[in-house]
Amino acid sequence: MSPKPNHPEPGTLFSPLLEAAVRLAARGHYHQFRKNAGDENNGSPSGDFLPNRVPYIAHLMGTMCILSRVGVRDEVLAAAVLHDYLEDVPDPDGRESIRVSLGEEVLSLVLEVTEHKRHGFDQEDTWDIRKREQLDHVERMPQEAVLIKAADVLHNLLSLLSDLKAAEEPDTVWNSFNAGAERQLWYFTGVIDAVERRLGEHPLVKELLVALTRLKPFATS
């Protein structure tokens, strides 16, 4: 594994740190897909690159792009690209992979936004406790980790809204998740409330509130 990249010289646009983050994420999430109504494999690696499948890295890049629009350090952008690495990538040395490639600071940010998945248990059975732990943790995260969490949730919300609008039956979209519409709405509302307490009138909060308002009719009809 290559050593942690150096930062670019002042005045250059290329970031070796972000390049290393994208490469690690692309390798780790290879053949992973987003959950969506048109995917009969529900995000599992089987099924290959069919037209209705969305490669998982689209979410990671989307999260990073949102943060790039509000202006954050490269370390925060790199952590955004890798925010699901420790949860979803079958890398037994995941922490060391991030530490060696990107350094301790990026790893620390990734750890702050990593959910305790409780592998070995049914994900639907543990959904409530995992989400409650996330809500509690937002209150204690460093602010830069809160920004990553906010961008992650915003991209998830906007992707979900896009799928719901395109679906003939919204239930086909909700059924692809481990929790239904009402529980998802409870979680999104809770995490946005927690983020707002931490970030105040930040542009991310404003967009989250707009997206939540747009989601409610789909979750309560």
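Residues numbered from 1 in each chain as written. Predicted model: local features only at pLDDT ≥ 70, side-chain atom pairs only at ≥ 80, totals over all residues. Heavy atoms only, no water.

One pass over the structure, following the stated rule, counts ten salt bridges. Residue Lys-131 is joined to Glu-115 by a salt bridge in which the shortest nitrogen-to-oxygen separation is 3.2 Å. Of this pair, Lys-131 sits in helix H7 (residues 127–138) while Glu-115 sits in the loop between helix H6 (104–112) and H7, placing them 16 residues apart in sequence. For Glu-115, a relative accessible area of 8% translates into the label buried. Salt-bridge contacts for Arg-183 lead to Asp-128; the nearest nitrogen and oxygen are separated by 3.0 Å. Note that Arg-183 is positioned in helix H10 (residues 181–199) and Asp-128 in helix H7, a separation of 55 residues in sequence. Judged by its relative accessible area of 31%, Asp-128 falls in the partly exposed class. The network of salt bridges with common partners includes Arg-73, Glu-75, Glu-105 and Glu-144. (Salt bridge = Lys/Arg side-chain N within 4 Å of Asp/Glu carboxyl O. Helix = DSSP H or I, 4+ residues; strand = E, 2+ residues; numbered from the N terminus. Buried < 20%, exposed > 50% of the residue type's maximum accessible area, 1.4 Å probe, protein only.)

A separate point is the packing of aromatic side chains. For the structure shown, the criterion picks out three aromatic pairs. Pairing Tyr-187 with Phe-188 gives two aromatic rings, centres 5.9 Å apart and planes at 50 degrees, and the pair type is tilted. Both residues of the pair, Tyr-187 and Phe-188, count as buried. Among the aromatic side chains, those forming a connected cluster through ring pairs are Trp-127, Trp-186, Tyr-187 and Phe-188. If you follow Arg-53 out to its NZ or CZ, it ends over the ring of Phe-33, 4.0 Å from the centre. Over the face of the ring belonging to Tyr-187 we find Lys-131, whose NZ or CZ atom lies 5.0 Å from the ring centre. (Phe/Tyr/Trp six-rings, centres within 6.5 Å; stacked < 30°, edge-to-face > 60°. Lys NZ or Arg CZ within 6 Å of the ring centre and 35° of its normal.)

Ranked by size, the top nonpolar core spans 63 residues in total, and within it Leu-67, Leu-82, Ile-98, Leu-102, Val-195 and Leu-215 carry the most contacts. The greatest single-element share of this core, amounting to twelve residues, is contributed by helix H8 (residues 143–166). Discounting chain neighbours no more than four positions away, the residues touching Leu-215 are Leu-157, Leu-160, Leu-161, Leu-164, Trp-174, Leu-185 and Phe-188. (Core = buried A, V, L, I, M, F, W, Y, C linked by side-chain atoms within 4.5 Å. Contact = heavy atoms within 4.5 Å.)

With that settled, the discussion passes to the side chain of His-59. By the element assignment, His-59 lies in helix H2 (residues 57–70). Setting aside its immediate chain neighbours within four residues, His-59 contacts Arg-34, His-83, Asp-84, Asp-152, His-155 and Asn-156.

Another aspect to go through is helix H3 (residues 74–81). Because an α-helix completes one turn every 3.6 residues, residues spaced three or four positions apart along the sequence face the same direction. With seven of its eight residues buried, H3 lies for the most part within the structure. Taken residue by residue, H3 has Glu-75, Val-76, Leu-77, Ala-78, Ala-79, Ala-80 and Val-81 as its buried positions. Where H3 is buried, its residues meet helix H1 (16–28), H2, helix H5 (94–102), H6 and H8.

Backbone geometry places His-31, a non-glycine residue, at a positive phi of 65 degrees. Locating His-31 in the fold gives a position in the loop between H1 and H2.

With that out of the way, let us pick up H5. For H5, every residue scored as buried is listed here: Gly-94, Ser-97, Ile-98, Ser-101 and Leu-102. Axial view of H5: buried residues confined to an arc of 90 degrees, hence all on one face. Count one or two residues on from H5 and you reach Gly-103, which has phi positive near 100 degrees. (Arc of directions from axis to C-beta.)

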